[in-house]
Amino acid sequence: MGTDADNEKIFRVGTGTPTKELGSAIAHAIYDGTDVVIRAVGHGAIGQAGKGVAVAEGHTAKQAVRLKTNFGFFTTTMPDGKEVSGLLMRVVRD
């Protein structure tokens, strides 16, 4: 689901990404002291990413850990050569 780079875990989220699994993965990365970067292209993927962050907040709240999410945009090239913009969410321990 993700790769590590400079103490951060990168998740590429799609429309079919299970939100419970994404939320658990985000929470585990935060518990391990790793920042999380979520990349999503398209309204369905962005919705799944948002729900995944909400699930992660539910998990971490049980351990009295608060999360902070910063939003931005990114541009990537699709396999067909078309450039598209997406939403980037950086989730860190608050």
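Residues numbered from 1 in each chain as written. Predicted model: local features only at pLDDT ≥ 70, side-chain atom pairs only at ≥ 80, totals over all residues. Heavy atoms only, no water.

(A) A look at the overall build of the chain. Looking only at helices and strands, the chain features 2 helices and 5 strands. Reading the chain from its N end, one meets helices and strands in the order β-β-α-β-α-β-β. Computed over C-alpha atoms, the radius of gyration of the chain comes to 13 Å, within 12% of the 12 Å expected from 2.2 N^0.38 for 94 residues, which places it in the range of a compact globule. Projecting the C-alpha coordinates of the chain onto the three principal axes gives extents of approximately 45 × 25 × 20 Å. (Helix = DSSP H or I, 4+ residues; strand = E, 2+ residues; numbered from the N terminus. Rg over C-alpha atoms; globule rule 2.2 N^0.38 Å.)

(B) How the structure looks around the pattern of salt bridges. Applying the stated criterion across every chain yields a total of 1 salt bridge. The closest approach of N and O atoms between E8 and R90, which form a salt bridge, is 2.8 Å. Of the two residues, E8 sits in strand β2 (residues 8-13) while R90 sits in strand β5 (residues 83-93), which places them 82 residues apart along the sequence. (Salt bridge = Lys/Arg side-chain N within 4 Å of Asp/Glu carboxyl O.)

(C) How the structure looks around the packing of aromatic side chains. Within the structure shown, the criterion is met by 0 aromatic pairs. Above the face of the F74 ring, R39 is positioned so that its terminal group lies 4.1 Å from the ring centre. (Phe/Tyr/Trp six-rings, centres within 6.5 Å; stacked < 30°, edge-to-face > 60°. Lys NZ or Arg CZ within 6 Å of the ring centre and 35° of its normal.)

(D) Structural detail: helix α1 (residues 19-31). End to end, α1 covers 18 Å across 13 residues, agreeing with the expected 18 Å (1.5 Å per residue, within 8%). Phi for G33, located one or two positions after α1, is positive at around 85°. (Expected span 1.5 Å × (residues − 1).)

(E) Representation of the environment of G42 in the model. With respect to the helices, strands and loops of the structure, G42 is situated in the loop between β3 (35-40) and α2 (43-61). Judged by relative accessible area, which is 33%, G42 ranks as partly exposed. Taking the C-alpha atoms as reference, G42 lies 12 Å from F74; in sequence the two are 32 residues apart. (Buried < 20%, exposed > 50% of the residue type's maximum accessible area, 1.4 Å probe, protein only.)

(F) How the structure looks around the side chain of T19. Summarising the element assignment, T19 is placed in helix α1. Under the relative-accessibility criterion, T19 is labelled buried at 18%. When near neighbours in sequence (up to four residues on either side) are disregarded, T19 contacts Q48, K51, G52 and V55. (Contact = heavy atoms within 4.5 Å.)

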